Amino acid sequence: KFTSLSANSACKDGDLACINGKFAQICWGFLSHFCCSGGKFLLTSCAVGTICIALPLVNKPGTSITCDTAADRDARIAATGATG
């Protein structure tokens, strides 16, 4: 899903994504004037040694978008039984 997104992709309030390895969000509510501009994503670099990734949720179907290590990502995905 994220491979086709760029920093200039249109988005709506509350959208989250990983774009070029960075955490991308669009803010809503009273904070919107601090981090949003014209419905475009705000890109935030992850901490050194981490990348923006989508991880499987533990307690229900779906994913969580966060900054994490590639090793932790691989371990979590392997724990789901997914291959490929």
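Let me sum up the structure you'll find in this document. Note that the structure is predicted; figures quoted are calculated from it, not measured.

1. Notes on the overall build of the protein
Piece 1. For the protein, the helix and strand inventory stands at 2 helices and 5 strands.
Piece 2. In the protein, the succession of α and β elements from N to C terminus is β-β-α-β-β-β-α.
Piece 3. Put simply, the protein has 84 residues, and 20% of those count as buried.
Piece 4. With an accessible surface of roughly 5,700 Å², the protein has 57% of that area assigned to carbon and sulfur atoms.

2. A short note on the environment of Gly21
Piece 1. Positionally, Gly21 belongs in the loop between β1 (16–19) and β2 (22–25).
Piece 2. Those residues within four positions of Gly21 in sequence are excluded, and the remaining contacts are Cys46, Ile51 and Cys52.

Conventions adopted
Residues numbered from 1 in each chain as written. Predicted model: local features only at pLDDT ≥ 70, side-chain atom pairs only at ≥ 80, totals over all residues. Heavy atoms only, no water. Helix = DSSP H or I, 4+ residues; strand = E, 2+ residues; numbered from the N terminus. Buried < 20%, exposed > 50% of the residue type's maximum accessible area, 1.4 Å probe, protein only. Areas by Shrake-Rupley, 256 points an atom, 1.4 Å probe, with all protein chains shown as cover. Contact = heavy atoms within 4.5 Å.

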